[in-house]
Amino acid sequence: MESMTKNQLTEGVHIHHIPSSKFKTTQLVIHMRMPLVRDEITAYSLLSQLLVTNTKKYPTQTLFRKKLAELYGTRISSDVSRKGENAIFYVHLSLANDRFLDHADLYEQVVELLNEVIFHPNISNGKFNEATFEREKENVKEELLAATDDKMRYAQDQLKELHFDDSAQKVPSRGTVEDLNKITAESIVETYQQILNE
């Protein structure tokens, strides 16, 4: 087994590379850790969906998905979780391993797309694209409302409510509908900038 390398890009930003010839796919995962702040949990959840829906260069979901298909069916997802007193925001990409393709620069193209996703979201005039924002906000709302139907998840959320004294720890991992209703296409840009700057 080849050994892992760790490179620091900037303060608090590291790349861990674990080479392997065992798999036909390559996984790229970006983790960004922020303090767990009660008022931001729901915004992190919504932002995780906005970033992987479209970008400045690919301003519609159709164009964004078409680009992923051109990259040999590269898959992208994003989510937020928590670990202790931190919120972990992550973006995950799964792509075909270059060695199985004639397309030798696939990895570089996917890294370019990742750069587009993280640093060039579909923001204009200080706010996310309104149609995308409203659609993703509704999707997150439906997911939060459906959480009560998932009895195990509901039980975990109720246990957190009873167990923790810290208000941030009490909030469900994906946030609340009440907090979601307060988020605007402008305020979510502030959350995005905060994540990049921490």
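Residues numbered from 1 in each chain as written. Predicted model: local features only at pLDDT ≥ 70, side-chain atom pairs only at ≥ 80, totals over all residues. Heavy atoms only, no water.

This part is about the nonpolar core. Counting residues in hydrophobic clusters, the biggest one holds 44 residues, and the most contacted among them are Leu-46, Leu-47, Ile-76, Phe-89, Phe-128, Phe-133 and Ile-188. Among the elements that make up this core, the one with the highest residue count is helix α1 (residues 41-51) (seven residues). In contact with Ile-76, other than residues within four places in its own chain, are Val-52, Phe-64, Arg-65, Leu-68, Val-91, His-92, Leu-93 and Val-117. (Core = buried A, V, L, I, M, F, W, Y, C linked by side-chain atoms within 4.5 Å. Buried < 20%, exposed > 50% of the residue type's maximum accessible area, 1.4 Å probe, protein only. Helix = DSSP H or I, 4+ residues; strand = E, 2+ residues; numbered from the N terminus. Contact = heavy atoms within 4.5 Å.)

Okay, the environment of Asn-125 next. Tracing the chain through its elements places Asn-125 in the loop between β6 (123-124) and β7 (127-128). Residues Asn-125 and Thr-191, spaced 66 residues apart in sequence, show a C-alpha to C-alpha distance of 16 Å.

So, about the pattern of salt bridges. Per the counting criterion, the structure on display carries six salt bridges. The shortest N-O distance in the salt bridge between Asp-179 and Lys-182 comes to 3.9 Å. With Asp-179 and Lys-182 both in helix α7 (residues 177-182) and three residues apart, the pair spans about one turn of that helix. Through salt bridges with shared partners, one network takes in Arg-38, Asp-179 and Lys-182. (Salt bridge = Lys/Arg side-chain N within 4 Å of Asp/Glu carboxyl O.)

Below, the discussion takes up the side chain of Asp-179. The buried category is assigned to Asp-179, whose relative accessible area is 9%. Other than its neighbours up to four places away in sequence, Asp-179 contacts Arg-38 and Thr-42.

These figures come from the coordinates and say nothing about function on their own.
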